[in-house]
Amino acid sequence: MRSVLYGTGCILLGLFFLGTGIYPAIRNAREGTKTLDGEVIGYDYENRTILLKYRADNGETYEIGYPHLQSFATGVFPKTGLKVGITVRKDDPARVTNILLLQGFKRISGTGYLSSSRFRMALRTALLSGFFLFCGILFLTGAMH
């Protein structure tokens, strides 16, 4: 009985993480936005902004300043070259709608920030959902008790 409960729970968690990976693509298509890979190129201490660079699909490169006050308040900055996710309008790639700058545990990441490139985010989500789905199948088939 427990293995059926654990298996069902694992499969539900796997489907949940799979949904959280698919949802941004659906949301971007509905809102007319696109997520691009960007990177940290420096800091502007006077204006308290992190400088980011990204390349649009048309080949143009854009540089923007992102006011990340938490970094300036704590003194913990993302390292230069860190990949970030930048969401822009499809019709106007110079118009940024969202920036994904993931903070992680300092022991794991070394700097306190994790790479949030499109590939890494998709890989993390696929591995996590795959792990739970696999464990759920093992519990339901009786291979694990």
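Relevant structure appears above.
Now for a look at the structure at hand. Fair warning: this is a prediction, and the values are worked out from it, not measured in the lab. (Residues numbered from 1 in each chain as written. Predicted model: local features only at pLDDT ≥ 70, side-chain atom pairs only at ≥ 80, totals over all residues. Heavy atoms only, no water.)

## Brief notes about the overall build of the protein chain
This is how it is decided: Under the scheme used here, helices are H or I runs from DSSP no shorter than 4 residues and strands are E runs no shorter than 2 residues, and both carry numbers assigned from the N terminus. We compute the radius of gyration over the C-alpha atoms and compare it with the globule rule, which gives 2.2 Å times the number of residues raised to the power 0.38. Under the scheme applied here, a residue whose accessible area is under 20% of the maximum for its type counts as buried, over 50% as exposed, and between as partly exposed, the area being computed with a 1.4 Å probe on protein chains only. It only takes one pair of heavy atoms within 4.5 Å for two residues to be counted as in contact. All accessible areas in this document rest on Shrake-Rupley with a 1.4 Å probe, and a residue is counted as covered only by the protein chains that are shown.
For the protein chain, the helix and strand inventory stands at 4 helices and 7 strands. Since a compact globule built from 145 residues should have a radius of gyration of about 15 Å, the 19 Å found for the protein chain marks it as more spread out than a globular shape. Taken along its principal axes, the extent of the C-alpha atoms in the protein chain is 60 × 35 × 20 Å. In the protein chain, which comprises 145 residues, the share counted as buried stands at 28%. The long-range share in the protein chain, meaning contacts at least 24 apart out of those at least 6 apart in sequence, stands at 55%. Surface accessibility of the protein chain: about 9300 Å² in total, with carbon and sulfur atoms responsible for 60%.

## Section: the pairing of strand β5 (residues 96-100)
For clarity, the threshold we go by: Paired strands, as defined in this entry, are two strands with at least two bridges between them according to DSSP.
When strand β4 (residues 83-89) meets β5, the two strands line up antiparallel, connected through 4 bridges. By the bridge assignment for β5, T87 is matched with N98. In this antiparallel pair of consecutive strands, β4 and β5, the connection spans 6 residues.

## Details of the pairing of β4
Within a regular strand, side chains alternate between the sheet's two faces. Buried residues dominate β4, accounting for 5 of its 7 residues. Summarising the sheet, strand β1 (residues 33-44) and β4 pair through 7 bridges and their orientation is antiparallel. Opposite T35, over in β4, you have T87 as the bridge partner.

## Focus: the nonpolar core
So the rule is basically this: Definition used in this section: a nonpolar core is a set of buried Ala, Val, Leu, Ile, Met, Phe, Trp, Tyr and Cys residues joined via side-chain atoms within 4.5 Å.
In this structure, V40, I50, L52, Y54, V84, I86 and L101 are the most contacted members of the largest nonpolar core, which totals 16 residues. Elements that contribute at least two residues to this core include exactly β1, β2 (49-55), β3 (61-66) and β4. In this view, I86 contacts K34, T35, L36, G38, L52, Y54, V96, N98 and I99; residues no more than four positions away in its chain are not counted.

## Regarding the environment of L69
For L69, the position within the fold is in helix α2 (residues 69-74). L69 sits in the exposed class, given a relative accessible area of 51%. Between the alpha carbons of L69 and G85 there is a distance of 18 Å; along the sequence they are 16 residues apart.

## Re the pattern of salt bridges
Applied cut-off: The working definition used for a salt bridge is a side-chain nitrogen of Lys or Arg within 4 Å of a carboxyl oxygen of Asp or Glu.
Following the criterion strictly, the structure yields 4 salt bridges and no others. Put simply, K83 and E39 hold a salt bridge, and the shortest N to O gap is 3.8 Å. Remark: E39 occurs in strand β1 and K83 occurs in strand β4; sequence separation between them is 44 residues. Judged by its relative accessible area of 35%, K83 is partly exposed. For R89, the salt bridge goes to D91, with nearest N and O atoms at 3.9 Å. With relative accessibility at 22%, the residue R89 sits in the partly exposed group.

## Notes on helix α4 (residues 118-141)
As a reminder of what qualifies: Each residue after the first adds 1.5 Å to the expected span of a helix.
With 24 residues, α4 should cover 34 Å at 1.5 Å per step; its first-to-last C-alpha distance of 34 Å lies within 8% of that length. Every buried residue of α4 is listed here: S129, F132, C135, G136 and F139. Contacts from the buried residues of α4 go to α1 (2-31). Residue G142 follows α4 closely and has a positive phi angle near 90°.

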